[in-house]
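Structural overview
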Amino acid sequence: MTVNSILSNPSQFYINGQWTDGQGSETCNITDPTSGQVVLTLKNGVTKDSNAAVEAAYNAFNTGPWYNEYTGVQRRDALLKIAQVIDDNKHQIAKIESLQTGKPIGNSTFEAMHGAEVFRFFAGLADKQGGKHFSPNHDQSVSAYTIVEAMGVIGLITAFNFPFILAIWKIAPALAAGNTVILKPSPQTPLSSLLLAQLIHDNQLLPPGVFNVIPGGIEAGAALVNHPHVDKISFTGSVGGGKAVYKASAESANLKHICLELGGKSPNVIMDDADVEKAAQHAAAAAFINTGQTCCAGTKIHVHKKIYDQFMSALIAITKDLTDRMTTDTSTSSIGPLIDQNQLNRVDGFVQRAIKNNEAEVLIGGERWGQQGYYYKPTVLKSSNLQAEVVCEEIFGPVVTVLPPFEDLDQVIEFESKSNFGLACGIYTNNAKAINTFVKKMRAGSVWVNCFNVLNPYMPFGGYKNSGIGRELGEEAIKEFLLTKSVSSVITSAAAEIPFSPAKRTLLEYSTVAKTEPSLNPQKFTEVAIIHLPNDSMPNALKKASYGGSDKKSDAAGLSFLETSV
Ligand SMILES: NC(=O)C1=CN([C@@H]2O[C@H](COP(=O)(O)OP(=O)(O)OC[C@H]3O[C@@H](n4cnc5c(N)ncnc54)[C@H](OP(=O)(O)O)[C@@H]3O)[C@@H](O)[C@H]2O)C=CC1
Ligand SMILES: CCCCCC/C=C/C(=O)O
């Protein structure tokens with residue numbers, strides 16, 4: 001499979017609804033990690049490219065139809081169409097994702113379908129965002145309400161490990177909220193983001209400038225973070241990268257909003273009542289998911305003393321089986337390669353240092369697999385040094401560290417409370433008291449009971465502590481891309497004020513209108529401006545709505561505003 005057989009404009013950037021050449025001179029190689037072969041060379045994004053994309057997104061937000069004319073229902077429909085196109089092209093998406101990451105093709109196909117599901121979820125929220133109305137005093141002369149508005153232009157920066165999913169977790173809620181976006185994927189893995197742009201472009205699913213893609217390059221990412229017209233950065237990557245972005249965002253001219261989805265060292269606790277074989281299966285899957293290149297992977301295991309020996313035998317047998325089934329063929333492989341040689345060196349570096357410093361014992365694995373590509377054997381380490389690097393740091397490879405057996409869950413929780421990370425954790429038990437204690441006391445964004453790495457669009461995902469700020473997925477994620485505006489309006493005459501221009505109308509409340517104008521069927525309206533006046537003056541006030549000039553015009557304009565808001 002070649003990149004050209006899937007991507008029509010493989011080395012171009014997608015800006016303002018057009019395919020354009022990058023303006024820099026440096027290039028970047030995209031490599032197939034199963035073989036180490038270069039599959040595409042494309043330009044690195046530079047500041048000029050980012051600036052062009054920001055300008056396109058800024059214009060699209062301020063003057064284009066996406067935010068100014070589309071209703072929530074229209075945005076919903078656009079996102080549903082994107083979901084359908086992803087589903088229809090899931091095999092192409094999966095092929096290109098596996099080509100650039102080396103993932104087993106089954107995983108990539110699942111991830112493409114998950115991406116479609118995430119678009120559907122946020123499509124369902126696109127038309128359901130609104131503010132609240134308050135009556136702060138009894139005579140109702142003050143109309144007080146909130147409206148929710150899109151933030152504006154959003155910069156999305158993603159990592160190499162789940163390129164398609166990580167991008168969609170950001171794109172879908174940002175667009176559902178009415179924003180325009182610039183996606184800067186990891187320089188190692190831009191291809192599935194470019195394919196998404198191609199699918200959106202070829203099927204004319206979004207107005208120009210709403211969705212832009214600038215492949216790789218630290219300069220391109222930094223330019224987004226520094227640009228005064230970018231209102232928010234949503235970032236997935238390393239803790240170091242996240243902190244640099246946080247700092248630069250704070251120092252940028254416009255004090256950006258920020259969402260950071262960073263690393264983890266998620267503990268997996270196996271209690272004494274666990275079904276040992278099942279728990280070991282789950283623990284291996286939890287740790288080795290995506291070759292361990294997963295922020296929430298269960299890379300640290302605490303096992304109860306009573307079942308420790310049995311569990312360890314089972315875990316080693318499962319890991320051996322996984323290793324025996326390794327192959328470079330993504331259609332049959334059990335576990336894929338690491339992303340590149342740097343990552344391979346980095347992972348092996350952790351293991352070799354642990355051995356050299358007597359911090360851990362390798363029970364299985366601990367070395368490169370094969371001669372081609374960037375494969376590393378799934379590895380089980382045993383450590384009794386609770387301060388060891390392999391116990392405390394994110395390795396981002398297929399390496400799991402088992403800690404000394406425990407007897408008291410409280411001690412495990414106490415130990416974990418000192419971790420710098422707080423992304424996820426899991427416990428295997430049917431002991432209700434243990435579950436309740438664990439759920440309550442663990443300082444982590446996701447808690448999994450008798451399962452691990454369970455992610456779906458409904459459940460917010462994100463970290464405590466160094467694991468991040470903000471949430472992706474769930475209703476929380478769309479709120480990350482909205483701003484709330486409070487409006488207090490004192491009515492001083494009988495003339496009603498239409499509080500919004502039609503272009504910026506927002507659903508608030510239609511009950512007063514319905515009560516005073518029974519001829520209007522509120523069911524007809526998806527969006528109606530509230531006209532809040534003392535009840536006895538409402539009919540006249542409505543008729544006299546001062547909207548654009550004379551009484552007659554105002555009358556017509558006021559009512560026609562309501563009617564055209566359908
Ligand atoms: N979710 C998670 O937990 C993840 C954790 N990691 C961890 O990070 C390590 C390195 O992975 P990597 O993907 O290189 O992660 P990075 O944090 O280096 O990069 C992630 C993304 O952020 C961009 N980026 C990095 N620094 C900046 C910056 N200062 N300003 C703007 N953009 C920036 C990168 O692009 P560019 O390189 O062009 O700057 C890339 O698109 C892994 O080994 C792993 O430990 C990685 C991925 C996901
Ligand atoms: C649905 C498959 C698992 C997705 C895992 C998402 C991981 C995120 C990250 O590593 O940042």
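Positions within a chain are numbered from 1, following the residues in the order the chain's sequence is written. Think of it this way: whatever chain is written first is A, whatever ligand is written first is 1, and the rest follow in order. Local features in a predicted model are, by the rule used here, given only for residues with pLDDT of at least 70; side-chain atom pairs are given and counted only at 80 or more, and totals for whole chains, interfaces and linings are based on all residues.

The protein is annotated in an unreviewed UniProt entry as Aldehyde dehydrogenase domain-containing protein from Smittium simulii. The record held by UniProt for the protein lists under Sequence similarities (unreviewed entry) the comment "Belongs to the aldehyde dehydrogenase family." UniProt positions are given in the numbering used here, feature names are shortened, and annotations may be inferred rather than shown by experiment.

Entries for the protein in the domain assignment read domain 1 (17-262 + 475-488) and domain 2 (267-457). Its C-alpha centre places domain 1 at a distance of 31 Å from the equivalent point of domain 2. Listed as interface residues are 20 residues of domain 1 and, on the opposing side, 17 residues of domain 2. Only DSSP runs of H or I reaching four residues or more are called helices, and only runs of E reaching two or more are called strands; each is numbered from the N terminus. Residue assignment for the side of domain 1 that touches domain 2 shows that the elements contributing at least two residues are α4 (90-101) and α5 (105-126). By residue number, the principal contributor to the side of domain 1 that touches domain 2 is α5, which donates four residues. Among the residues making up the side of domain 1 that touches domain 2, the classes are represented as eight nonpolar, nine polar and three charged. Boundaries between domains were set according to an automatic or database domain assignment. Contacts are defined on C-beta atoms placed from the backbone: any two residues whose C-beta positions lie within 7 Å are in contact. As a working rule, the residues Ala, Val, Leu, Ile, Met, Phe, Trp, Tyr, Cys and Pro are called nonpolar, Asp, Glu, Lys and Arg charged, and the rest polar, with Gly in that last group.

As a further point, take the pairing of strand β15 (residues 379-382). Side chains on a regular strand alternate between the two faces of the sheet. Criterion used throughout: strands pair if DSSP finds at least two bridges between them. Looking at chain direction, strand β14 (residues 361-364) and β15 are connected through three bridges and run antiparallel. Opposite Val 362, over in β15, you have Leu 381 as the bridge partner. Two strands pair when backbone bridges link them, and β15 and strand β16 (residues 399-402) are joined in this way by four bridges, in the parallel orientation. Bridging across to β16, Lys 382 finds its partner in Val 402.

Our next topic: helix α9 (residues 239-251). Multiply 1.5 Å by the residue count of a helix minus one, and that product is the helix's expected span. A rise of 1.5 Å per residue sets the reference length of α9, with its 13 residues, at 18 Å; its end C-alpha atoms lie 18 Å apart and thus fit the reference within 8%. Taken together, the buried positions of α9 are Val 239, Gly 242, Val 245 and Ser 249. For α9, the arc enclosing every buried residue in end-on projection is 125 degrees, short of the 170-degree limit, so these residues lie on one face. Of the residues in α9, the exposed ones pointing more than 90 degrees away from the buried face are Gly 240, Lys 247 and Glu 251. Those residues of α9 that are buried are in contact with β7 (153-157), α8 (218-226), β10 (232-236), β11 (257-261) and β21 (468-469). A residue is called partly exposed when the number of other C-beta atoms within 10 Å of its own lies between 12 and 20, exposed at 12 or fewer, and buried at 20 or more, with C-beta atoms placed from the backbone. Here, the arc refers to the directions that run from the helix axis to the C-beta atoms.

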